[in-house]
Amino acid sequence: MASALAGKMGFKSLLRKQPRNFSVRICTMESDMEFSCEVKWKGKDLFDLVCQTLGLRETWFFGLRYNIKDTVAWLKMDKKVLDQEVPKQELITFNFLAKFYPENAEEELVQDITQHLFFLQVKKKILEEEIHCPPEASVLLASYAVHAKYGDYDPNVHKPGFLAQEELLPKRVINLYQMTAEMWEERITACYAEHRGRTRDEAEMEYLKIAQDLDMYGVNYFLIRNKKGTDLLLGVDALGLHIYEPDNKLTPKCSFPWNEIRNISYSDKEFTIKPLEKKTKVFKFNSSRLRANKLILQLCIGNHDLFMRRRRVDSLEVQQMKAQAREERARKQVERQRLQREKQLREEAERARDKLERRLIQLQDEAHMANEALLRSEQTADLLAEKAQIAEEEAKLLAQKAAEAETEMQRIKVTAIRGQEERRLMEQKMLEAEILALKMAEESERRAKEAEQLKQDLQEAKESERRAKNKLLEITSRTDHTVTAQSPHSPGLPPDLSFSRENLSFDFKDTDMKRLSMEIEKEKVEYMEKSKHLQEQLNELKTEIESLKLKERETPLDIIHNQNTEQGTSKQSNFKKLTLQSTKSRVAFFEEL
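Residues numbered from 1 in each chain as written. Predicted model: local features only at pLDDT ≥ 70, side-chain atom pairs only at ≥ 80, totals over all residues. Heavy atoms only, no water.

Draft legend 1. Inspection of the UniProt feature "binding site: a 1,2-diacyl-sn-glycero-3-phospho-(1D-myo-inositol)" (unreviewed entry) in the protein at higher detail. Here the UniProt feature "binding site: a 1,2-diacyl-sn-glycero-3-phospho-(1D-myo-inositol)" (unreviewed entry) sits at K76, M77, D78, K79 and K294. With respect to the element layout, K76 can be found in the loop between β4 (71-74) and β5 (91-98). For K76, a relative accessible area of 33% puts it in the partly exposed group. Among residues more than four places away in sequence, those in contact with K76 are G43, Q84 and Q298. Its location among the elements puts D78 in the loop between β4 and β5. Relative accessible area serves as the criterion here: at 57%, D78 is assigned to the exposed category. (UniProt positions renumbered as here; feature names shortened; annotations may be inferred. Helix = DSSP H or I, 4+ residues; strand = E, 2+ residues; numbered from the N terminus. Buried < 20%, exposed > 50% of the residue type's maximum accessible area, 1.4 Å probe, protein only. Contact = heavy atoms within 4.5 Å.)

Right, here's the structure in full:
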């Protein structure tokens, strides 16, 4: 009994020594998170904790994936984490990824965080070439990815070379053309500039709307064999099951939509699908690994449940989420319009300020020129006054000399009686004196006229000086009036560009909601027109780069895609064509492959 008691106590001590928690790393497309989990936790407990941390409510699209040997598996929600085949490490790593894809991203993805996680995952798959994307679509998708990261295109900010470090195109597309990184950036930037006015969420949604039309979008491929032992590929996606040839993942040979499937099961490596028509033979195939069957079954059940869920009325939770999303989009739209108007008013104020500054500079230049003209006028007036004074002094001197000459002539006349010889000599001198006096009189008259002219010039200079001063006073008064008109107390635009918030406020009214709802409805009506524009844009991009393509570098999938494009075959049209066949004929076709 003592030994039994000791054994029981030893067992209890052993239980106490066992760790009650384990650590988990969750890798999302944007960042990593670490959690401490209890040993008793089920997969749903961990999954709910991650969704709660991310603020994610559309949980039905996602799951926790982990690697096991040479394949992948998804954490089961109803079993304990440590009871599953997860790698038993000190830090267990899971990838939080989208497990199921929507049929229509725009209609089904409600939350912005859901949309963002899908955008990141799809972009990674396209860049890593898990989803085949034609070159022209790659360029357009890259432009939306750039817009989602950088916002509206601004040539002053987004200068050549700003995408040098960005991974935007699949390496297959880059190697397929004789184009430099600068040429690719130029074409991406040209498309990027056309997206002006979109928000990040809108750019990401446009990305998903284009990506969801790619042939390999949302398809999980598995290697299988039919009854004849032919190697084939099984594709599982949101629409149903598709059978492909191993070297062609783009064009299925036959398809089985979910609404035609009644039951799915597997035994060992044999997978059985029972069509809805009871008289039709069951659809069987074999897979190479048991784990692949488990994964196929999980994906089939999950996609089928979502397929049926989309065709029922939304649950109250989804209706509430959609209503909240509409309100949030409406609020963002009103806020965006308010910010846009504020931005417009600010730009107008800046333009008005620049105009006033240019006008002020112009007036300052005119005032400076007027000052210089006034200074030159003053200098000219001083010079003319000095010349007039000199001319007046010279005229006085000449008049004095003329008077002296006259006196000398009178003296010579008095002494002329002294003799004939003296008289002749005196007559000669008198003649010379008369000539000299005449010249001096003429010179005096000329100098007097010059002095008069100088006085007139001086008068004109003073008049010019007076006009220049009046001009300067007029310009100064106009400058003061312009600046005063734009003073902080005036109703115009102030120099410091401050705004009255009362004039920029918006009321969030029911009319705004109704108007925005009408706009949303209008967008749905214009969907076909936008699709046509998108196709034209893709064709234009394809034409631009077609001449630089290196045909010898095309992959088999590129060749198949080009053939489908030439034949006008798309993902949707091919699916409709295949599903128009009877289930019986499709099963028979599969068995004969």
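Moving on, there is more to tell.
Draft legend 2. Up close: the nonpolar core. If you look at the biggest cluster of nonpolar residues, it comprises 102 residues, and the most contacted ones within it are I26, F62, F94, F96, I126 and L241. I26 has contacts with S31, D32, M33, F35, V50, L64, F94 and F96, leaving out every residue within four places of it along the chain. (Core = buried A, V, L, I, M, F, W, Y, C linked by side-chain atoms within 4.5 Å.)

Draft legend 3. Quick look at the packing of aromatic side chains. All chains considered together, the criterion is met by 18 aromatic pairs. Relative to Y207, the ring of F119 has its centre 5.0 Å away and its plane inclined at 85°; by these criteria the two rings are edge-to-face. Placement of F119 in helix α4 (residues 112-127) and of Y207 in helix α8 (residues 200-211) is noted, with a sequence separation of 88 residues between them. You'll find F119 and Y207 in the same group, each marked buried. On the numbers, 5.7 Å between centres and 55° between planes, the contact of F283 with F285 is tilted. Through successive ring pairs, a cluster of aromatic residues spans F47, W60, F61, F62, F96, Y101, F118 and Y217. One residue, K249, lies across the ring of Y221, its end atom 5.0 Å from the ring centre. Sitting above the plane of the W60 ring, R309 keeps its charged end 4.0 Å from the centroid. (Phe/Tyr/Trp six-rings, centres within 6.5 Å; stacked < 30°, edge-to-face > 60°. Lys NZ or Arg CZ within 6 Å of the ring centre and 35° of its normal.)

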